Amino acid sequence: MAMRLKRHVSLFESSIRRATVPTVANSLCTRCRRYASSAAYPENIAVLGGGISGLASAYFVAQEFPRSKITIYEAEKQLGGWIRSQRIPVPGGDVLFEHGPRTLRPGRDSLVTQKLIQELDLVGDVLATPKKAPGAANRYVYYPDRLNLMPGPGARPSYFDLAKSGVFAGWHNILAEPFQSRRDGSIRDESVGSFLSRRVDKRIAQNLVSAIFHGIYAGDVWKLSAKTLLGTAWQLEMKGNSVWDGWMNIQGTNGKGTDTLISPHHLDVRARVNQEIKVDSALSDALRDCSVFTFKNGLQQLVDALSQCLKTYSQIEVKLGTPVESYNLLSNGEKQVEVTTKDGKPQNYDLVISTLRAPALTPYVTVMTVNLYYSTPNLNPVKGFGYLIPQGVPFEQNPERALGVTFDSDAVQGQDSAPGTKLTVMLGGHWWDEWDTYPDSQEGLELAKSLVKRHLGITEEPTRSNVGVWKDCIPQYTVGYEDRLRDYVEKTKNQFGGRVKLVGNQYNGVAVNNCIEQAWMMARGLRHNGWKEKATGLESRVVDEPWSIIPVNQP
Ligand SMILES: C=Cc1c2[nH]c(c1C)Cc1[nH]c(c(CCC(=O)O)c1C)Cc1[nH]c(c(C)c1CCC(=O)O)Cc1[nH]c(c(C)c1C=C)C2
């Protein structure tokens, strides 16, 4: 703990040094700082929402502006949003139940998360699952009435069995893709399902790709946006007469092997991350060749370490159980934003970072997670990461409306002190769209037990279980998202003159890594008077510029 605090203090001091040099003149004149237009830094900042996006925003903004007072408003009594890990006592020890997000991916998107892990001194607590471990390599799709092992590094499925099940039905039509004419240029967007049906085969969307979209978005491929979620293929289609032709047309552009396309926003993020983020070898070695990673006490360890760290900053105040009702730009000439909470009196801020939901931008889905622990080890006859259930599975094979099951005792090892078998059944998502009420805990448990009995043959009663309903937890980037985002960014910029910055899982991806990266980008953009600019922080995300061609392996 002492070491952690020392590290925070030294980071804090170096931030103060960096921030003090250009602000000396203004810091001498506190009266000047009262007026936002001439102030060197925002005196009062509000962060709306205490999930991972809000906490990471407060952390990175505090590094940029060590003299600002930062208030975090959180509606719940607890920080961290739906990242929630719980230790449950069981006979012979305890086990960790993960209710929401459970693992992180180690790719390029995780570099800012890695920086955070280092600064919070969590490197020694990282648990990485090697790519070749059965808990990573064996990924299954349930179709139509059995588990199918998917091909991948370390997994050798029987191609005969795969062909027989029909899970890959329609793939041969990929050979005809180059001969399908490209879309009409006036089409602004379409669903993932429609795009795949048009370019390849409807069965690919129904029986296979919908499973992957269940695993990430718990969403419906017939509603999710191809332009947003299959961006590269969507762009390539218009670079030639087909996706394949577009791909061939961009090859050789850089003269350095295979080329690909990258959006202006991702190019910007990549350049800044490469320039500024350095990861120590201790962490990069720990994450080399790993498929996913988490912490000894689950993902909540990251939230807890971040919250503890923020508590050591005297500039930060956390208001729990304080839902924000509204925020409005004041017309007092000082460009301040008035934040009104449910019970409190309004407070004025020079800058607001909102991670709150924007209902006009995306709908949400609700997911039920049912954690099951059995004290019998190896109860599950299948070893692996888990399985996903595509939309094309017949109703009688999935009357519970489940999305998939993770095999937690295989996927992450080193969190539990008691042996046994741990699974999580995920239900609902888009299947529950328009539902007014959801199954209660008892019904949820019964649904999960009936599913694992039919799919995995597990009939034993779980020793411990937990059921959670996460209302509106995953935003859905549905058809037309890019246009709605552009309008929303424009409207927010004009309405608040740039004094409201936008961060969260509604903008640049739903993964924890995406949220942390975006918080860092936002905070970084506040430098050098960036906080005063008439911008929301998402301008590069909605810029109307062509995608760039870069080598696939460009760092
Ligand atoms: C707890 C429910 C969640 C579901 N999706 C997410 C959560 C938190 C968010 C999410 N899940 C995955 C990603 C991809 C990238 C990443 O950073 O990890 C995101 C943003 C991956 C994932 N999660 C599960 C699976 C099978 C996958 C697929 C890809 C892979 O092979 O890693 C588990 C799982 N998550 C959800 C369901 C329904 C589910 C089922 C087993 C919804």
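As a convention, each chain's residues are numbered from 1 in the sequence order in which they are written. In view of the model being predicted, local features appear only for residues whose pLDDT reaches at least 70, and side-chain atom pairs are presented and counted only at 80 or more, with totals across whole chains, interfaces and linings using the full set of residues. Hydrogens and water molecules were not included; the side-chain quantities draw on all heavy atoms of the structure.

- Looking at an unreviewed UniProt entry, one finds the protein named Protoporphyrinogen oxidase and attributed to Periconia macrospinosa.
- UniProt positions are given in the numbering used here, feature names are shortened, and annotations may be inferred rather than shown by experiment. Of the protein, the UniProt comment under Function (unreviewed entry) reads exactly: "Catalyzes the 6-electron oxidation of protoporphyrinogen-IX to form protoporphyrin-IX."
- Turning to the protein, the UniProt record has this under Sequence similarities (unreviewed entry): "Belongs to the protoporphyrinogen/coproporphyrinogen oxidase family. Protoporphyrinogen oxidase subfamily."

### Quick word on the domain arrangement of the protein
Right, on to step 1. Where a domain begins and ends is set by an automatic assignment or by a domain database. Each assigned domain of the protein is listed here: domain 1 (2–80 + 298–359 + 479–542) and domain 2 (85–137 + 362–475).
Right, on to step 2. On a C-alpha basis, the centres of domain 1 and domain 2 stand 32 Å from each other.
Right, on to step 3. By buried area we mean the combined loss of accessible area, with a 1.4 Å probe, across both parts when two parts are placed together. Note on domain 1 versus domain 2: buried area summed over both sides is about 2700 Å², and carbon and sulfur give 56% of it.
Right, on to step 4. Note on definitions: salt bridges are taken to be side-chain nitrogens of Lys or Arg within 4 Å of carboxyl oxygens of Asp or Glu. If you look at where domain 1 meets domain 2, you find 0 salt bridges.
Right, on to step 5. Numbered from the N terminus, helices here are DSSP runs of H or I no shorter than four residues, and strands are runs of E no shorter than two. Residue assignment for the side of domain 1 that touches domain 2 shows that the elements contributing at least two residues are helix 1 (2–20), helix 4 (52–64), helix 15 (300–311) and helix 19 (512–524).
Right, on to step 6. In terms of residue class, the side of domain 1 that touches domain 2 is built from 16 nonpolar, 9 polar and 4 charged. Here the nonpolar group is Ala, Val, Leu, Ile, Met, Phe, Trp, Tyr, Cys and Pro; Asp, Glu, Lys and Arg are the charged ones; every other residue, Gly included, is treated as polar.

### Observations concerning the packing of helix 4 against helix 15
Right, on to step 1. Between N-to-C directions, angles span 0 to 180 degrees; the directions come from axes that are lines fitted to C-alpha atoms, helices contributing only their stretch in contact. Packing of helix 4 against helix 15 leaves a shortest axis separation of 10 Å and a crossing angle of 40 degrees. Regarding helix 4 and helix 15, the two cross each other, and that crossing is left-handed. Here Ile 52, Leu 55, Ala 56, Ala 58 and Tyr 59 of helix 4 lie close against helix 15, whose contacting residues are Leu 302, Val 303, Leu 306, Ser 307, Cys 309 and Leu 310.
Right, on to step 2. Here the contact of helix 4 with helix 15 is composed, by residue class, of 10 nonpolar, 1 polar and no charged. The crossing is said to be left-handed when, going from far helix to near helix, the turn is anticlockwise and less than a right angle, and right-handed when the turn is clockwise. Any two residues whose heavy atoms approach within 4.5 Å at even a single point are treated as in contact.

### Section: the sheet that holds strand 16 (residues 386–388)
Right, on to step 1. For two strands to pair, DSSP has to find at least two bridges joining them. The strand order across the open sheet formed by 7 strands is 7-6-16-17-18-15-19, and the pairing between neighbours is mixed. Each having just a single partner strand, strand 7 (147–149) and strand 19 (464–475) make up the two edges of the open sheet. The mean angle between the axes of side-by-side strands here comes to 25 degrees, regardless of whether they run parallel or antiparallel.
Right, on to step 2. In this sheet, strand 18 (residues 421–429) lies alongside strand 15 (residues 364–374) in antiparallel orientation, the contact comprising 9 bridges. What sits directly across from Asn 371, in strand 18, is Thr 424.

### Points about the sheet that holds strand 11 (residues 324–329)
Right, on to step 1. Taken in spatial order, the 3 strands make up an open sheet running 11-12-13, and their pairing is antiparallel. The open sheet is flanked by strand 11 and strand 13 (347–349), the only strands paired with a single partner. For this sheet, the mean angle separating the axes of adjacent strands, direction not counted, is 25 degrees.
Right, on to step 2. In the sheet, strand 11 pairs with strand 12 (residues 337–341) via 5 bridges, with the strands oriented antiparallel. Within strand 12, the position partnered with Asn 328 by the bridge is Glu 338.

### What about the nonpolar core?
Right, on to step 1. Side-chain atoms within 4.5 Å link the members of a nonpolar core, which is a set of buried Ala, Val, Leu, Ile, Met, Phe, Trp, Tyr and Cys residues. Note on exposure labels: buried denotes an accessible area under 20% of the residue type's maximum, exposed denotes more than 50%, and partly exposed covers the range between, all computed with a 1.4 Å probe on protein chains only. Within the largest apolar cluster, 84 residues are counted, with the highest numbers of intra-cluster contacts made by Phe 213, Val 339, Val 370, Tyr 387, Val 425 and Tyr 507.
Right, on to step 2. Residue contributions to this core peak at 7 residues, all from helix 9 (residues 202–217).
Right, on to step 3. Both of domain 1 (2–80 + 298–359 + 479–542) and domain 2 (85–137 + 362–475) provide at least three residues apiece to this core.
Right, on to step 4. When neighbours within four sequence positions are excluded, Val 339 is seen to be in contact with Ala 46, Leu 48, Tyr 73, Val 324, Ser 326, Tyr 327, Lys 345, Pro 346, Gln 347, Tyr 349 and Val 352.

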